[in-house]
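# Examining the three-dimensional arrangement
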Amino acid sequence: MKIIVYLGTGGVGKTSVAAASALALARTGVRSMVITTDPSLRLRTALGLADGITEQQVPLPDSEDAGELWAALLDVRATLDEAVRLYARAGMAQRILDHPIYATIASSLVGMQELMAVERIDQLRLRGFDRIIVDTAPSRHAFEILDKPALFADLSSSRKVKLVGRTYKLVSALGLQSIGRSAIDIYAKAEEILGVNLVRQVLDFYSIFYPIAEGYSRRAERTVAMLRDPAVTEFRVVTTPQKAMRDAAFFTSALGERNFPIGAICVNRAWLHAAPEPLPGGMAGDVLGWYSAVSESHRAAVWSLKEAYGTQVRDIQVFSELERDVDGVAALDVLARQIHLPF
Amino acid sequence: MDHQAPQPQARILVLCGKGGVGKTTLSLALGLRHASQGRRVVIVSSHPLPELGIAVSLDGLSRRFPEASRNLFVVHLDPRELLVEVVERAVPVPLVASTILNSSIFQNLVEISPGLKEFYFLARLQQLAERKRAISGASTPDYDILIWDAPASGHFLATLRAARAFETYLTGPLAAAGANLDRFFSSAANMSILPVSPLEEMALTETFEMADALSREFQLGCDALILNSVSPVVTASDADLATLHIDDSSAPALRFAVNRGLAERELCADIRHRIAAPQVSVPRIRHWDGDLDLLDQIGEWLNIPAAL
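Residues numbered from 1 in each chain as written. Chains lettered and ligands numbered in written order. Predicted model: local features only at pLDDT ≥ 70, side-chain atom pairs only at ≥ 80, totals over all residues.

Turning our attention to the environment of Thr235(B). Residues and elements named next belong to chain B. By secondary structure assignment, the location of Thr235 is in helix 13 (residues 232-235). Separated by 26 residues in sequence, Thr235 and Gly261 place their C-alpha atoms 9.6 Å apart. Every residue in contact with Thr235, bar those within four places of it in the chain, is listed here: Val230 and Ser281. (Helix = DSSP H or I, 4+ residues; strand = E, 2+ residues; numbered from the N terminus. Contact = placed C-beta atoms within 7 Å.)

What follows is the structure in structure tokens.
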């Protein structure tokens, strides 16, 4: 099995590139799945994910193609609910689902989307998919997917939170040395600073949530090991001409710190046609003048990117923007044919 | 200067919308414009300053727009730094404060407390908007205008919801502070909501959903809709449009530009059914790389008054 993780900020067309990559791979005769978080309505329709459907096999444009294309919508809340029902002890699941903290955790916990993607990758691996394409959240920090499970495990499954979280005052009174005096001081201080209510609510919640986090962390470790293995996983950055230099600088350094090579930088939505010379007059001239000003700056941006990062990043690909938003699998195919994939 | 009737706080202009639609550049342009006209402006960005630093050269600003450079302030509120301040205020002994800040328990607690960082962000935003000098009796306010270069729509809504969540699931002082923040940030008297979107289906859909949520949950309407990067085809008259012909023999550049423009024009025609607010169009320009004159030009296109 191979995994491609697409990273990129908002508005760069990352979801379309991810879906088109899955299509291109399916065409090589394998079972390929794209996991996406927030596709446009058009793309949802193209992938058969409209109207509340969260997983679907998508018919390939050419019926002679042998592979399979699948698409899944990552619903953070639903995936989390499922994990709670699956891993909580009897009677505990409902307490967790009804807890006031739980209501906000799925939407406001940073990195929750990435954590749930990791969970989903593991499920898909077990179901025998050959290629998994992950379309991460539109954030500069989506690669924290690689750091988060550790944080989650640290926090939720440690004995400190388990014991101290529920009754740390009682524990303190009984003098259980294993917890350590300093940990208790920190909790007392945190209550003072952040508010008694907040800290107690949070600790109370995690004291019942930890078995789920524990089960989750065990599986996540396996998946993260695969994500960290360059023989299995390739990280690719999607950007636009305007953002190319900034994104390349940011992602090469952020991933570099974690010792991950960037497999490719994909410059999407580029305007690459040359305007005819001389420009005609009238409205056509206005429109062409406007187009060529933008197009020239796009070509300059791609040139600078190749100058600056051509040796560091093995593969820099440029995809031209479609006249209209991607519509249907056939339109996705136009993009798919521009993409070079590593396997 | 237009504050004969001083308001109790700065007017907050919120530029919100999908990621990557140009909120930051437009915030800077709008700030420059108002600052040039003598208003004291603070831009609150969720991007780290070094990123903006490539954009605005302070040296260039003071030479080219001396009035604006005296009145324009840009701050980046990093939620993690805000919490450091909170701890340092609560614990005056630096050694103890740093022990707490460096402990993994505290760090984790902050990471997993939903809405905590957003809560402190809002508290700081409100502080910036309050006119401290006006309260103490002096005549000039701290800022006339606060421009909030808001995070992408989902996180923007989550930020506004954080105050309400604190009010709902807590009791005591933090809940009271949450209620206070919730009141402040759901008051149309304090805020002008200015969604930004290009004429692209996905961004528009997200903008409509955000506008619906703002109105449903916070009773906040949109004061103007900023359409960014629009094609000249969108603003062309019907007569000019009739002169455009494309067929299979047309240059690919022209075909692309016209089809693209027509698609945008179609989308534009549908917007009024969803958002009734007045529209402001900013033409698509080459990549903005810090050119102050271009920023000034964008500000002129925007032409959004301080009080809507």
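That covers the picture; the talk isn't over yet.
Moving on to the confidence of the model for chain A. Here chain A averages 80 in pLDDT, and 83% of its residues register 70 or above. A low-confidence stretch, residues 162-179 of chain A (pLDDT under 50), is modelled with 20 contacts involving residues beyond four sequence positions or located in other chains. (pLDDT = per-residue confidence, 0-100.)

Okay, the pairing of strand 4 (residues 68-73) of chain A next. Residues and elements named next belong to chain A. The element strand 4 is largely enclosed, with a buried count of five among its six residues. Two strands pair when backbone bridges link them, and strand 2 (residues 31-36) and strand 4 are joined in this way by six bridges, in the parallel orientation. Among the inter-strand pairings, Thr36 is bridged to a residue of strand 4, identified as Leu73. Pairing analysis gives four bridges linking strand 3 (residues 55-58) to strand 4, with the strands arranged antiparallel. (Buried ≥ 20, exposed ≤ 12 C-beta atoms within 10 Å, placed from the backbone. Pairing = 2+ DSSP bridges.)

Next up on the list: the sheet that holds strand 2 of chain A. Residues and elements named next belong to chain A. Spatially, 3-4-2-5-1-6-7-8 is the arrangement adopted by the eight strands of the open sheet, whose pairing is mixed. Across the chains shown, the open sheet's two edge strands, defined by having one partner strand only, are strand 3 and strand 8 (316-320). For this sheet, the mean angle separating the axes of adjacent strands, direction not counted, is 20°. Where strand 1 (residues 2-7) and strand 6 (residues 233-239) come together, five bridges link them in parallel fashion. Bridge pairing links Ile4 to Glu234 in strand 6. Its contacts with the sheet put helix 12 (residues 282-309) on strand 7 (262-270) and strand 8, and the angle it makes with strand 7 is roughly 170°. (Axes fitted to C-alpha atoms, helices over the stretch in contact; angles between N-to-C directions.)

Residue and element names in this part refer to chain B. At their nearest, the axes of helix 8 (residues 116-129) and helix 11 (residues 173-185) sit 10 Å apart, and the two run at 60° to each other. With respect to helix 11, the axis of helix 8 lies oblique. As helix 8 runs across helix 11, the sense of the crossing is left-handed. Only Ala177, Gly178, Leu181, Phe184 and Phe185 of helix 11 make contact with helix 8, whose side of the interface consists of Phe119, Leu122, Ala123 and Gln126. Across the contact of helix 8 with helix 11, the residue classes break down as seven nonpolar, two polar and no charged. (Parallel < 35°, antiparallel > 145°, perpendicular 65-115°, else oblique. Left-handed = near helix turned anticlockwise from the far one by under 90°. Nonpolar A, V, L, I, M, F, W, Y, C, P; charged D, E, K, R; others polar.)

The next point concerns the interface of chain B and chain A. Between chain B and chain A, the contact holds 56 residues from the first and 56 residues from the second. Among the elements that take part in the side of chain B that touches chain A, helix 15 (residues 252-271) of chain B stands out by supplying ten residues, more than any other. Per-class residue counts for the side of chain B that touches chain A are 33 nonpolar, 15 polar and eight charged.

Residues and elements named next belong to chain B. Read from one edge of the open sheet, seven strands run 3-2-4-1-5-6-7, paired in parallel fashion. The open sheet has two edge strands with one neighbour each: strand 3 (72-76) and strand 7 (279-283). When the angles between neighbouring strand axes are averaged without regard to direction, this sheet yields 20°. Where strand 2 (residues 41-45) meets strand 4 (residues 145-149), five bridges bridge the pair, whose relative direction is parallel.

A word on the nonpolar core. Among the nonpolar cores identified, the biggest contains 179 residues, and Ala19(A), Ala22(A), Leu23(A), Val287(A), Val14(B), Leu15(B) and Leu146(B) are the most heavily contacted of them. The dominant element in this core, judged by the number of residues it contributes, is helix 10 (residues 196-227) of chain A, at 14 residues. With sequence-adjacent residues up to four places away left out, Ala19(A) is seen in contact with Val34(A), Thr36(A), Leu43(A), Leu47(A), Ala71(A) and Leu332(A). (Core = buried A, V, L, I, M, F, W, Y, C linked by C-beta atoms within 7 Å.)

Look at the link from Glu277(A) to Pro278(A): it is a cis peptide, with omega at -10°. Mapped onto the secondary structure, Pro278(A) falls in the loop between strand 7 and helix 12. Despite not being glycine, Gln219(B) has its phi angle at roughly 50°, a positive value. Turning to its location among the elements, Gln219(B) is positioned in the loop between helix 12 (201-218) and strand 6 (225-230).

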